[in-house]
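Summary of the model geometry
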Amino acid sequence: MEARYIVRLDDACATMDRKKWKRIEEILDHYSISPIVAVIPSNQDPQMRIDPEDELFWDRVRAWQAKGWHIALHGFEHRYVTQSRGIIPMNAYGEFSSRPLEEQKEKILQGLAIFAKEGIETKIWVAPAHNFDHQTLEALRESSIQIISDGIAHEPYHERGFFWIPCQLSSLIPQKSGLWSACYHPNTIGEKEFEDLERFLSSHSHSVLSDLSSLEGLYGHRKRTLKERFYFYAYFLNRRRQQNQTLQKITSRLRRFL
Ligand SMILES: [Zn+2]
């Protein structure tokens, strides 16, 4: 089967760069694409304070939800309070890995409570900095979260009681097969990335998925293959040695490997 793609937008919050978010929204609307959008419930990360506080922020999130965008819980405050790597060993910093279970539960519950108060429903988890551990999963198990948007694999799979949609790319690049999520950060996206996204969508928009429930139907019972597990393990070891390896390099190796 030919490759298919998912667009993920990270770091939506009340102080996001509204001009850039508007631009990417217009591009996706033009091609009728519903992305996963990772919303920070209560941002305390100074790097995410770009525009003045937007009083209409939650109206915007509700409008995204109403038009079929998939709202994901993006941690709680997006504060980097750990130096520990987690299940996805991408970064030795984040908000969750190795923090006490009770603290993790509290953050997740508070984040979901803000969503509920604002009328936002979610079943998707996007960890800040890809940083979460088995205790995070334990905490998430007691919530509405069923889907983890993260990990390095060729296609989605079911594991540890969750449906995992891997996130392997930082921008959309044509692939031969498999399911590829590309994680964009609209707050810091540059002119060239906007142009590359438009160029990709002008020829591949038919392969970009908007309906996640169809994915669960297709892959809901799939387990990771041995090859995928081996690759992930090799990646884990490699990541520990090479702190600055980029996501793009990792995935180009994954493409050769699978
Ligand atoms: Zn983030």
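These numbers come from a predicted model, not from an experiment.

Counting its regular elements, the protein contains eight helices and eight strands. What you see for the protein is a C-alpha radius of gyration of 17 Å, in line with the 18 Å of a compact globule of 258 residues. Here the C-alpha coordinates of the protein stretch approximately 45 × 45 × 35 Å along the principal axes. A total of 258 residues make up the protein; the buried ones form 55% of that total. The contacts of the protein with a sequence gap of at least 6 include a subset with a gap of at least 24, amounting to 72%. Roughly 11700 Å² of accessible area belongs to the protein as shown, and the carbon and sulfur atoms make up 51% of that amount. Each charge class in the protein was averaged separately, 35 positive and 34 negative side chains, and the resulting centres sit 8 Å apart.

Before going further, it helps to spend a moment on helix α3 (residues 101-117). Counted at 1.5 Å a residue, the expected span for α3 with its 17 residues is 24 Å, and the 24 Å between its end C-alpha atoms agrees. Among the residues of α3, Leu 101, Gln 104, Lys 105, Lys 107, Ile 108, Gly 111, Leu 112 and Phe 115 are the ones counted as buried. Each buried residue of α3 sits inside an arc of 165° when the element is viewed along its axis, so together they form one side. When the buried face of α3 is taken as reference, the exposed residues oriented beyond 90 degrees from it are Glu 102 and Lys 117.

This part is about the nonpolar core. Val 39, Trp 64 and Trp 125 are the most contacted members of the largest nonpolar core, which has 60 residues in total. Excluding its chain neighbours within four sequence positions, the residues that come into contact with Trp 64 are Ala 12, Met 16, Trp 21, Glu 25, Val 37, Val 39, Trp 69 and Ile 71. If you look at the next biggest cluster of nonpolar residues, it comprises 14 residues, including Ile 6, Val 126, Ile 147 and Leu 209.

Moving on, we get to the packing of aromatic side chains. Throughout the structure, instances matching the rule amount to nine aromatic pairs. Between Tyr 80 and Tyr 93 the ring centres are 4.9 Å apart and the planes differ by 50°, which places this aromatic pair in the tilted class. Of this pair, Tyr 80 sits in the loop between β3 (70-73) and α3 while Tyr 93 sits in the loop between β3 and α3, and the two are 13 residues apart along the sequence. Given a relative accessible area of 36%, Tyr 93 falls into the partly exposed group. Pairing Phe 96 with Trp 125 gives two aromatic rings, centres 5.0 Å apart and planes at 85°, and the pair type is edge-to-face. Taken together, the residues Phe 96 in the loop between β3 and α3 and Trp 125 in strand β4 (residues 124-125) connect sequence positions 29 residues apart. Judged by relative accessible area, Trp 125 falls into the buried class, the value being 0%.

Right, let's get into the sheet that holds strand β2 (residues 36-39). Spatially, the eight strands line up as an open sheet ordered β6-β7-β5-β4-β3-β2-β1-β8, and their pairing is mixed. A single partner strand is all that each edge strand has here, and the edge strands are β6 (157-159) and β8 (179-184). As defined by bridge partners, strand β5 (residues 147-149) adjoins strand β7 (residues 162-165) across three bridges and the pair is classed as parallel. Looking across to β7, one finds that Ile 147 is bridged to Phe 163. Sitting on the sheet, helix α1 (residues 18-30) touches β1 (4-12), β2 and β8, and the angle it makes with β1 is about 160°.

The subject of this paragraph is the packing of α1 against helix α5 (residues 191-204). Remark: α1 packs on α5, axes separated minimally by 11 Å, with the N-to-C direction vectors making an angle of 10°. Taken together, the axes of α1 and α5 are roughly parallel relative to one another. Every residue of α5 that contacts α1 at Lys 20, Arg 23, Ile 24, Ile 27 and Leu 28 is listed here: Glu 191, Phe 194, Leu 197, Glu 198 and Leu 201. The residue inventory of the contact of α1 with α5, partitioned by class, reads six nonpolar, no polar and four charged.

With that settled, the discussion passes to the pattern of salt bridges. One pass over the structure, following the stated rule, counts 22 salt bridges. Between Lys 67 and Glu 25 there is a salt bridge, and its shortest N-O distance comes to 2.5 Å. Of this pair, Lys 67 sits in the loop between α2 (57-66) and β3 while Glu 25 sits in helix α1; the two residues are 42 residues apart in sequence, bridging distant segments of the chain. For Glu 25, a relative accessible area of 19% gives the class buried. Taking the shortest distance from any N to any O, the salt bridge between Arg 222 and Glu 155 comes out at 3.8 Å. One end of the pair, Arg 222, is in the loop between α6 (212-219) and α7 (226-241); the other, Glu 155, is in the loop between β5 and β6, with 67 residues separating them in the sequence. Here the salt bridges share partners, and the residues they tie into one network are Asp 59, Arg 62, Lys 117 and Glu 118.

Definitions and cut-offs
Throughout this description, residue numbers start from 1 for each chain and increase along the sequence as written. Only residues with pLDDT of 70 or above have their local features reported here, since the model is predicted, and side-chain atom pairs are shown and tallied only from 80 upward, although totals for entire chains, interfaces and linings are computed over all residues. With hydrogens and water stripped out, all remaining heavy atoms of the structure feed into the side-chain values. Numbered from the N terminus, helices here are DSSP runs of H or I no shorter than four residues, and strands are runs of E no shorter than two. Radius of gyration here is computed from C-alpha atoms only, and the compact-globule reference equals 2.2 Å multiplied by the residue count raised to the power 0.38. Only protein chains enter the accessibility calculation, which uses a 1.4 Å probe; a residue whose area is less than 20% of its type maximum is buried, one above 50% is exposed, and one in between is partly exposed. Contacts between residues were defined by any pair of non-hydrogen atoms, one from each residue, lying within 4.5 Å. Calculation of accessible area relied on Shrake-Rupley with a 1.4 Å probe; when residues are assessed, cover is drawn exclusively from the protein chains displayed. Charge assignment in this entry is limited to Lys and Arg as positive and Asp and Glu as negative, and neither His nor the chain termini are counted. Charged groups are reduced to one reference atom each: NZ for lysine, CZ for arginine, CG for aspartic acid, CD for glutamic acid. A helix's residues, less one, multiplied by 1.5 Å, set its expected span. Note that the arc is computed from the directions linking the helix axis to the C-beta atoms. Take the buried Ala, Val, Leu, Ile, Met, Phe, Trp, Tyr and Cys residues and link them wherever side-chain atoms come within 4.5 Å; each set so joined is a nonpolar core. Stacked, tilted and edge-to-face pairs are distinguished by plane angle, under 30 degrees for stacked and over 60 for edge-to-face with tilted covering the rest, among Phe, Tyr and Trp rings (Trp via its six-membered ring) whose centres lie within 6.5 Å. We call two strands paired when DSSP finds no fewer than two bridges between them. For helices, the axis comes from a line fit to the C-alpha atoms of the stretch in contact; other axes are also lines fit to C-alpha atoms, and the angle between any two N-to-C directions lies between 0 and 180 degrees. By the definition adopted for this analysis, an angle is roughly parallel if under 35 degrees, roughly antiparallel if over 145, roughly perpendicular if from 65 to 115, and oblique otherwise. Residues are grouped as follows: nonpolar covers Ala, Val, Leu, Ile, Met, Phe, Trp, Tyr, Cys and Pro; charged covers Asp, Glu, Lys and Arg; every other residue, Gly included, is treated as polar. Salt bridges, as used here, are contacts in which a Lys or Arg side-chain nitrogen is within 4 Å of a carboxyl oxygen on Asp or Glu.

Any functional reading would require information beyond the geometric quantities listed.
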